[in-house]
Amino acid sequence: MNKTLNILFNNKNFKVVNPANIKFINNNNYYTSPINKYINNNNFIFNKSPESSINKFYSTTSTQNGCGNNSNCSSTCGSNNNNNNNNNNSSGSNHGSELLKKIKASPCWSCNEHIEKKKIFCPMCNKVQQMDDSIDIFYLFDMYVFILLHFLNLFLFFFCKPSFRVDLKDLSHRFKKLQKQLHPDLFEQSDSQKEKNISKEITTSLNTAHNILKSPFLRAEYILNQKGLDLSSVGDVDPEVLMEVLEVREAIDEGTEEDITKIAHENRQKINDVVEKLENEFQNKNYQEALKQTVYLRYLTRIQEEVHNRLDTHI
Amino acid sequence: MLRSLKALKLNSLNAQKGIRQFCSDSKISGQVIGIDLGTTNSCVAVMQGAEARVLENAEGGRTTPSVVAFTEDNQKIVGLPAKRQMVTNAENTLFATKRLIGRRFDDPMTKKDMTMVPYKIVKGPNGDAWFEVKGKMISPSEAGAMVLQKMKETAETNLGGPVTDAVITVPAYFDDSQRQATRDAGTIAGLKVQRIINEPTAAALAYGFKKDEPKTVAVYDLGGGTFDISILEIVGGVFEVRATNGDTFLGGEDFDNALLEHFVAEFKKEKGIDLTKDTMATQRLREAAEKAKCELSSTLTTEINLPYISAGPSGPVHFNMKLTRSKFEQLVADLIQRTIGPCNICLKDAGLSTSEINEVILVGGMTRMPKVQELAKSTFNKEPFKGVNPDEAVAVGAAIQGGVLKGDTKGIVLVDVTPLSLGIETLGGVFTRLIKKNTNIPASKTDTFSTAADGQSEVEIKVFQGEREMAVDNKLLAKFTLFGLPPLPKGVPQIEVTFDIDVNGMLQVIAKDKATGKAQQVRIQTSGGLSKDDIARILKESEANAEVDRKRKELVEARNNGESVVYQVEKDLVEFKDYLSQPQTEEIKKAVQAVRDVLAKEDGSAIEAEIKKLHDLTRSSFETAYKAKLDSSASKSSSTENKENKDNTTEAEFTEKK
């Protein structure tokens, strides 16, 4: 603790925020740097094309339906984007980098899980990490600790809590609350182009994150990706699953509207069952089993989308 | 995999050339007006204090007909005056031009529109639908600009100062070309378009402004030319659009047309005369159809009386017909029915059922029709909310958004969606979506593609917008080519394509070869139908026209002034004839005649000069005459007093006068 304080005080680039000048987002101030840096990381994460997996599924299905050459049917291929855009130009960013580095280095004090790209909130047990260091740093700003903590709490909680169980209503409210603080319209008259850019980046990330979190399949895929697991790494899909999917698709193609509606309700029930299983698997950290269930959920989700398009009704 | 088309280098250069820089860093110094540029009527509003106020035009109306006319003397008139003269000048009067804005000439909807309107629709220089009036080519953006200019003048008159910044609304289901063409119209009209927002979203803003209760609302917007359905969640000042759908060619104009066809058919059956061959008769019938449509919203029966509609072998023929509401509803039942599909799709896309909708808001003039209200009620199982003015809500919402952008209105945020999917064409002509419809904006998406042929050294990126599975069935927004790929077997190169939509709905596409780092990008603004040069030319012409209009206005004012002066002078001549000498009278009459002669000419300055001459001549003469008359009056008054002092006998008075 003392060592941390000394480091900060000895750094020539460190400066104290003048309370009268504080703004919601002010890039000239130190405390926004962790957010700025974090946003870049998240922007990268959310642009890892989760949709491409669905496209792969579609290709696979097409293959199963006798499309012929698999390579000709593939319209996309997933790829990791390793271009991590880091901003190292400002002194504040250096401090942010230090802070994040410290946070990343430590395992979760509660469940002892080592997590890649450590978050302030442990994704598995939702405990705040490195509170001692955080409290000490924020304490320097004294009266601003609440503001900063409040913002970080809202923001990071939204992004960094990949607990599979999500209350959709709560998610929606958090999303709107953040939009109300970060939407680009609110920075339309800002003098700082950087502030506008950050606002757009944040909101883009918010929108992408919101889309991922509200979909059980995308949510599961996201958590698994964070654990370093990729759906494409599943080599052999359970033959029973494939058979089931083929039968359902045939029934959809040949069925009446009434038949399709029945299939939709059955499929919805299956989705709910798989989601419940996934909640248990993630709770128990059975990631390999979760991976299998997520692959199955991908097929079910695709079937449901197909049904929605045929019926023009949400079930 | 991308198709290995060998695109000409020129194509890419052309695409680059068309790029316009949209300045999103402009500061707002004055007030921001909200304009509802409607197919049939337009409306303008502005935030004043904490309230949005609708502004009245020169004719005292809160809405202005979206009509532009070109008269015999090549004068341009807009609004109600233009609508009034439509019967006698139908070929040169443009209305419902919003239906063609941003559309191609070979679009099926353009073909359909050509059969519905009396003015001429032609193919523009870039393949878009344009108008031809009196031998001159006019783009729909120009026509829209004329209406917007009228709205701008209305605002400036009301606010007592210049207006520069505006938020303009468009149908939610407008595609990118239509939006860009609307933005162009604003630029041509001399407005800085701060934002293009969707009409149902604006209406929801007007509805939900200052309401704190969280609600999920469906906005059912059936206007003059378009139908939109949007579902929004309103929570604590955040208006989040969940889904939107619609039909950009369904509205009140179609209802008018159905009635018109019915009238023509009945008349032909009864009288044996085809009125469609007579433009004036058809236009009178169209007006009568619109009036009947409006009346039948509040009455069960209406009567159409059009004397001297045509001439037959036995003399003039009159149009006389009774129309009941039920008959009208029968005629347009299929049109109303067409709104159900988009509603269901919108509910599906939003992932909601009708029981989760708290309110159904009716917007647009056609929602006054009882049958439409019934259908909205049955579709959503809910009595529609009627507390929102269907004609003004959109402009009010746009004004509120203007306040938000200016920073004056706090606590309000619009989170809208892109109404149609965006993607590129891949091998076999398949449309591959990168950004799906109903994605919240701003949005960004990256996908990786590869080549379809061995040794392919370039790829053509074609950007499409729409919901069809084959790319050609969708709207092509732009295309460009990424050059200089190293020769590799097919499937090996990795081309990263990024779609980025900003909060204005502007799309930027970047294609990058990950191996070489070569990148090509385009900001999608080329498909608005007008190039940068087009807009510059139109603005220059607009300035020249403004000068002509100003001179014409001066001439009209001079003439009015001249006629007024002549009338007054002649009146004074009669009054003062006893006190003016004969030479004076002759000289004045000569000057009056000179003014009359010059009134017939086109020279405002000459008129003013003659008026001044007459004024100088008559000032001293009439002043002298006026004094003389005053003296005479005083003398008479004195005489009267003397009479009163007499014996008051009639005989005596009589004797005195003799």
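In what follows, the accompanying structure is described. Just so we're clear, the structure is a prediction, and the values are computed from it rather than from any experiment.

What counts and how
- Residues numbered from 1 in each chain as written.
- Chains lettered and ligands numbered in written order.
- Predicted model: local features only at pLDDT ≥ 70, side-chain atom pairs only at ≥ 80, totals over all residues.
- Heavy atoms only, no water.
- Helix = DSSP H or I, 4+ residues; strand = E, 2+ residues; numbered from the N terminus.
- Buried < 20%, exposed > 50% of the residue type's maximum accessible area, 1.4 Å probe, protein only.
- Contact = heavy atoms within 4.5 Å.
- Areas by Shrake-Rupley, 256 points an atom, 1.4 Å probe, with all protein chains shown as cover.
- Pairing = 2+ DSSP bridges.
- Axes fitted to C-alpha atoms, helices over the stretch in contact; angles between N-to-C directions.
- Parallel < 35°, antiparallel > 145°, perpendicular 65-115°, else oblique.
- Left-handed = near helix turned anticlockwise from the far one by under 90°.
- Salt bridge = Lys/Arg side-chain N within 4 Å of Asp/Glu carboxyl O.
- 1 Å grid on protein atoms, 1.4 Å probe; cavity = no way out; pocket = protein on both sides within 12 Å on 5 of 7 lines; lining within 4 Å.
- Points joined across faces, edges and corners; volume = space filled by probe spheres on them.
- Domains from an automatic or database assignment.

1. Structural notes on the overall build of chain B
In terms of regular secondary structure, chain B is built from 17 helices and 29 strands. Across the 658 residues of chain B, 54% fall into the buried class. When contacts within chain B are restricted to residue pairs at least 6 apart in sequence, those whose partners lie at least 24 apart make up 67%. When the accessible surface of chain B is summed, it comes to about 28800 Å², and 50% of that surface belongs to carbon and sulfur atoms.

2. What to know about the pairing of strand 22 (residues 430-435) of chain B
Pairing analysis gives 5 bridges linking strand 21 (residues 422-426) of chain B to strand 22 of chain B, with the strands arranged antiparallel. Following the sheet pairing, Thr-426 of chain B is matched in strand 22 of chain B by Val-430 of chain B.

3. A short note on the packing of helix 4 (residues 140-159) of chain B against helix 5 (residues 176-188) of chain B
All names here are of chain B. Their axes nearest at 8 Å, the elements helix 4 and helix 5 cross at an angle of 50°. By the criterion of interaxial angle, the relationship of helix 4 to helix 5 is oblique. Remark: the crossing between helix 4 and helix 5 carries right-handed chirality. Contacts between helix 4 and helix 5 involve Ser-141, Glu-142, Gly-144, Ala-145 and Leu-148 from the former and Ala-181, Asp-184, Ala-185, Gly-186 and Ile-188 from the latter.

4. Observations concerning the environment of Ala-281 of chain B
Here Ala-281 of chain B is to be found in helix 8 (residues 279-295). Each residue touching Ala-281 of chain B, except ones within four places of it in the same chain, is listed here: Leu-275 and Ile-309 of chain B.

5. Thoughts on the pattern of salt bridges
All names here are of chain B. Under the counting rule described, the total for this entry stands at 32 salt bridges over all chains. Among the ionic pairs, Arg-99 bridges to Asp-254, the shortest N-O distance being 2.5 Å. Of this pair, Arg-99 sits in the loop between strand 7 (93-95) and helix 3 (108-114) while Asp-254 sits in helix 7 (residues 252-271), and the two are 155 residues apart along the sequence. In terms of burial, Arg-99 and Asp-254 fall into one category: buried. In this structure, Glu-359 and Lys-215 form a salt bridge, with 2.9 Å as the shortest nitrogen-oxygen distance. Placement of Glu-359 in strand 18 (residues 359-363) and of Lys-215 in strand 13 (residues 215-222) is noted, with a sequence separation of 144 residues between them. A single burial state applies to Glu-359 and to Lys-215, both of which are buried.

6. What to know about empty space enclosed by the protein
All names here are of chain B. For the structure shown, the criterion picks out 15 cavities of 30 Å³ or more. Roughly 380 Å³ of internal volume is contained in the largest cavity. As for the largest cavity, its lining consists of 28 residues, of which Arg-179, Ile-196, Ile-441, Asn-504 and Gly-505 are closest to the centre. Of the residues that make up the lining of the largest cavity, three or more belong to each of domain 1 (32-251 + 334-416) and domain 3 (420-524). One number sums up the size of the second largest cavity: a volume of about 170 Å³.

Bear in mind that shape data such as this cannot, by itself, settle questions of function.
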